[in-house]
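Coordinate analysis (summary)
Chain by chain, the residues run as shown.
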Amino acid sequence: MKKIIILGSTGSIGTNALEVIRNAKDKFQVIGISGYKNYELLVEQIEEFKPQYVCIGTEDGYKSLKDKFPLLELFYGEKGLVELSQIKDYDILLTAVSGAVGIDATVEGIKNEKTIALANKETMVAAGEYINQLLKKYKNAKIIPVDSEHSAIFQSIQAGKIDEIENLIITASGGTFRGKKKEELQNVTIDQALKHPTWKMGKKITIDSSTLVNKGLEVIEAHGLFGICYDNIKVLIHPQSIIHSMVEFKDKNIIAQLGIHDMKLPIQYAFTYPDRMANPIFNSLDLVKISSLTFEQPDNDVFRGLEFAYIAGKIGETMPVVLNAANEVAVDLFLNKKISFLTIYEIIEKSINRHKIQKITDIDIIKAVDKETREWIKSNYK
Ligand code: MN
C-alpha cells in the first residue's frame, strides 16, 4: 500500500490522480490532500477518501473545515502546503499545485527523502539547478515526472543510459491555433483560445499550449530533469498527441512512448514506478482507428514561445523565473480581456530584455525576481 499526499487535489491533475486511486484502492491510500478555493469539492473529497491531513488555501476555509471535521489535522495557506510535505508517514508527494509555492513543497518533500510525483512546472523551470543539488544531498529522494512528455522521456530513457542519449524529442500538439498566420491571431477571443484539439486541461495551460510557451517551459523542465543540453532538446509538432515524446540514442535508435492522451496514464505510472500495474480504466490504444501519425516543424515565427524558452534556458540563473512569471501574468491579463493574444509574446520579450540575471543561492531569490517581474508588468499593462 503506497501512502499518497496530493497537493492540489481539486485541480485537473489532482482530480485525475484521485480517479486513479479510486480505481486501485488496494494499492494506494490518500493520506493528505490540499485544495485552494474549491471548498465544496474539497469537502466531497474528504468524505470520499477520508484523508488524515488536509490543507486549504484560506483561513476562513480552515475555520469552516475545522467545524465540519473536528478530527482532521488541518493546515492552511502556503505555509500549510509546506507543513503537509514535512509529514513523515507518506511515500509519494504529488505536487499538482501551480505557482512558486510548488517549489517550497517539493524542496520539503526532497529533504523528507520522499518520492515526488512532479506535476508542478515551476519547480524545474525556476529552480532546476537548486533542486538537482538537493537531490545529490538527499539520496533517497526521487523525482518521477508526471507531465506526459517528461513521463514519456523518463520511460524511454530506460532503454539506455543518460550519456548514450543524442536528442530528446519533445512532441507538441501545436495547440488551438496550429497553422494560423500572425494576422489571423490579432483578434482571437478567449473562447477560441480555450478550444484545445486533443488534451482537456485547465485554462492557463490551454493558452500556454496555443502560444507554445507550455512547450518551451517543458524544454527547460526536460533540461533540468534529464541534464541534456538545450541544443539536444528538439520539439516536433505531432497533432495527434499519441507519441508523448521520444529519445534518440547515439546509435540512432529512437525509443518513443505512445498512449491515449489522458493524464491518468502518466499519473498511474508515477504512482506505481518502478512497477507497472494493469490499467483499470482504459482499453488498449486503437492504432488502426488512429491510422496515421504526422509530424511537422513548429512555426517559430508566429508562435514564439519556444524561442523565448531557449533564450531564457540558455542564459539560465534567474531568467527562466522571469519567463515563467511574465507568461503567467500575461496569460492572466489575456484571460481577463486586458490584452490581446499576441501581446502575451510582447510582455514576455520585454520582461526578458529588462531583467538583470542573478545567481540562485536560495528560493528567496526566485521569489523576489518572480515578484518584481509581476509588479513591473502589472504597472505597465493595465
Ligand atoms: Mn505536457
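Residues numbered from 1 in each chain as written. Predicted model: local features only at pLDDT ≥ 70, side-chain atom pairs only at ≥ 80, totals over all residues. Heavy atoms only, no water.

**A look at the coordination of the manganese ion**
Listed as protein donors to the manganese ion are Asp-147 (OD), Glu-149 (OE) and Glu-218 (OE); their distances from the metal cover 2.1 to 2.3 Å. Donor residues for the manganese ion, ordered by position in the chain, follow D-x1-E-x68-E. (Donors = N, O, S within 2.8 Å, 3.2 Å for Na, K, Ca; no water.)

**Some remarks on the domain arrangement of the protein chain**
The assigned domain composition of the protein chain is domain 1 (2–145) and domain 2 (167–261 + 289–315). On a C-alpha basis, the centres of domain 1 and domain 2 stand 27 Å from each other. Between domain 1 and domain 2 the total buried area reaches about 750 Å² when both faces are included, carbon and sulfur atoms providing 67% of it. The interface formed by domain 1 and domain 2 includes one salt bridge. For the salt bridge of Lys-121 with Glu-218, the shortest nitrogen-to-oxygen distance reads 3.2 Å. Run the count over domain 1 and domain 2 and you get three residue pairs in polar contact (both at pLDDT 80 or more). With four residues, the top contributor of residues to the side of domain 1 that touches domain 2 is helix H6 (residues 121–137). (Domains from an automatic or database assignment. Buried area = accessible area lost by both parts, 1.4 Å probe. Salt bridge = Lys/Arg side-chain N within 4 Å of Asp/Glu carboxyl O. Polar contact = N/O pair within 3.5 Å; in protein donor to acceptor, adjacent residues only side chain to side chain. Helix = DSSP H or I, 4+ residues; strand = E, 2+ residues; numbered from the N terminus.)

**Focus on the side chain of Arg-374**
Looking at the element boundaries, Arg-374 is found in helix H17 (residues 363–380). At a separation of 3.0 Å, a polar atom in the side chain of Arg-374 contacts the side chain of Glu-328. Residues contacting Arg-374, with those up to four places away along its chain left out, are Ala-325, Glu-328 and Val-329. (Contact = heavy atoms within 4.5 Å.)

**Quick notes on the sheet that holds strand E5 (residues 92–95)**
Strand order in the open sheet made by the seven strands is E4-E3-E2-E1-E5-E6-E7, with parallel pairing throughout. Edge strands, defined here as strands with exactly one partner in the open sheet, are strand E4 (73–76) and strand E7 (142–145). Neighbour to neighbour, the strand axes of the sheet diverge by 20° on average, direction disregarded. Looking at chain direction, strand E6 (residues 115–118) and E7 are connected through four bridges and run parallel. Paired with Ile-116 across the bridge in E7 is Ile-143. Sheet strands in contact with helix H2 (residues 39–49) are strand E2 (28–35) and strand E3 (53–56), and its direction is about 160° off that of E2. Contacts from helix H3 (residues 59–68) reach E3 and E4 within the one sheet, and its direction differs from that of E4 by about 165°. (Pairing = 2+ DSSP bridges. Axes fitted to C-alpha atoms, helices over the stretch in contact; angles between N-to-C directions.)

**So, the nonpolar core**
Grouped together as the largest cluster of nonpolar side chains are 122 residues, with contacts concentrated most on Leu-65, Leu-94, Leu-168, Phe-226, Phe-271, Leu-323 and Ile-344. Examining the composition of this core, we find that 10 residues originate from one element, helix H15 (residues 319–335), more than from any other. For this core, the two domains that each supply at least three residues are domain 1 (2–145) and domain 2 (167–261 + 289–315). Residues contacting Leu-323, with those up to four places away along its chain left out, are Leu-217, Ile-220, Phe-308, Ala-309, Ala-312, Ile-348 and Ile-352. (Core = buried A, V, L, I, M, F, W, Y, C linked by side-chain atoms within 4.5 Å. Buried < 20%, exposed > 50% of the residue type's maximum accessible area, 1.4 Å probe, protein only.)

**As for the pairing of E6**
Both faces of the sheet carry side chains from a regular strand, because those side chains alternate between them. Side chains Thr-115 and Ala-117 project from E6 onto one buried face, and the interleaved Ile-116 and Leu-118 project onto a second face that is buried too. As for the winding sense of the linkage, the β-α-β connection from E5 through helix H5 (residues 101–111) to E6 is right-handed. In this fold, the crossover linking E6 to E7 by way of H6 has right-handed handedness. (Right-handed = clockwise from strand over helix to strand, strands pointing away.)

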